[in-house]
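Here is what each chain is made of, one letter per residue.
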Amino acid sequence: LCVDSYQPVIVLKGLCKVVGLDLKLFNTKTLMSTNPDHPVEVRTQWQQSADETWDVQNGQGRKKQWLCESTRSHSTIAKYAQYQGNTFREFVQEEQERTGSD
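These numbers come from a predicted model, not from an experiment. (Residues numbered from 1 in each chain as written. Predicted model: local features only at pLDDT ≥ 70, side-chain atom pairs only at ≥ 80, totals over all residues. Heavy atoms only, no water.)

(A) Spotlight on the side chain of Ser75. Residue position: Ser75 is located in strand E4 (residues 70–76). Residues in contact with Ser75, not counting those within four places in the same chain, are His38, Pro39, Val40, Val42 and Tyr80. (Helix = DSSP H or I, 4+ residues; strand = E, 2+ residues; numbered from the N terminus. Contact = heavy atoms within 4.5 Å.)

Right, here's the structure in full:
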């Protein structure tokens, strides 16, 4: 799939299976056990209201683009694992409150 010849995007389905790549090697639990203090870059993206983004500032009319603004920060795998666990617990708690179950 190539959307823009200047910024090509390719989607390959089933690649990991074909090359025998075990994705379990990259889950949070495995990464925590091998290198919890490894630095990671964190990107926070702004939610966009539409499926399409248009550039109207280029002076040549409207141009479709795929730019997605984000801020960059840094963390570690251990801090990310803590964030991931807290987020999951909050989700479970909200679901229990919503459905009225314990």
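Don't stop here, the text continues.
(B) Spotlight on the side chain of Thr28. Tracing the backbone through its elements, the reader meets Thr28 in helix H2 (residues 28–34). Residue Thr28 is classed as buried on the basis of its relative accessible area, which comes to 19%. Beyond its immediate stretch of four places on either side in the chain, Thr28 contacts Tyr80, Ala81 and Gln84. (Buried < 20%, exposed > 50% of the residue type's maximum accessible area, 1.4 Å probe, protein only.)

(C) Representation of the pattern of salt bridges. Taken as a whole and judged by the stated rule, the model has three salt bridges. Measuring nitrogen to oxygen at the nearest pair gives 2.9 Å for the salt bridge that ties Arg43 to Glu41. We note a salt bridge from Arg98 to Glu95, for which the minimum N-O separation is 2.8 Å. Remark: Glu95 and Arg98 occur in helix H3 (residues 77–99); sequence separation between them is three residues, near one turn of the helix. What makes Arg98 exposed here is its relative accessible area of 60%. Judged by relative accessible area, which is 28%, Glu95 ranks as partly exposed. Connected through shared salt-bridge partners, Glu41, Arg43 and Arg72 make up one network. (Salt bridge = Lys/Arg side-chain N within 4 Å of Asp/Glu carboxyl O.)

(D) Inspection of the packing of aromatic side chains at higher detail. What the rule picks out here adds up to one aromatic pair. Arranged with centres 6.0 Å apart and planes meeting at 45°, the rings of Tyr80 and Tyr83 form a pair that is tilted. With Tyr80 and Tyr83 both in helix H3 and three residues apart, this pair spans about one turn of that helix. According to the relative accessible area criterion, Tyr80 is partly exposed, its value standing at 39%. The exposed category is assigned to Tyr83, whose relative accessible area is 53%. (Phe/Tyr/Trp six-rings, centres within 6.5 Å; stacked < 30°, edge-to-face > 60°.)

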